[in-house]
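Listed here are the chains, written in short residue letters.
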Amino acid sequence: MLQVDDFLEETTTMQTLDEMRDRMLLTTDQHAQIGAWITRARTPEGIMAMPPSLWRKLELASVLLNIDGDLSQPPALHSDYQ
């Protein structure tokens, strides 16, 4: 049974893949193949077993999207209130 945490993680992953596709860092076909692989794999170990050609595309798109850079930055502290 799909847990809430699993659903949120999968949703975030798909949003990231969608952004990669929308920014033309992945083709529609690569997006579909990677999304299907991640959905089927369901574990970090399963994801790491992704075919090397897809893994390279995902890795390059992640670098170009600066995912690691975003994760190393502190959260933005801004307010809509003045």
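Note that the coordinates shown come from a computational prediction; the quantities given were computed from them, not determined experimentally.

Draft legend 1. Representation of unusual backbone geometry. Its identity as a non-glycine residue notwithstanding, Met24 has a phi of 60°, on the positive side. Topologically, Met24 is positioned in the loop between helix H1 (4-22) and helix H2 (28-41). Assessed through its relative accessible area of 75%, Met24 is described here as exposed.

Draft legend 2. The arrangement of the pattern of salt bridges in detail. Per the counting criterion, the structure on display carries three salt bridges. Where Glu19 meets Arg23, a salt bridge forms, and the shortest distance between an N and an O atom there is 3.0 Å. If you follow the salt bridges from partner to partner, you end up with Asp18, Arg21 and Asp22 in one network.

What counts as what
Residues numbered from 1 in each chain as written. Predicted model: local features only at pLDDT ≥ 70, side-chain atom pairs only at ≥ 80, totals over all residues. Heavy atoms only, no water. Helix = DSSP H or I, 4+ residues; strand = E, 2+ residues; numbered from the N terminus. Buried < 20%, exposed > 50% of the residue type's maximum accessible area, 1.4 Å probe, protein only. Salt bridge = Lys/Arg side-chain N within 4 Å of Asp/Glu carboxyl O.

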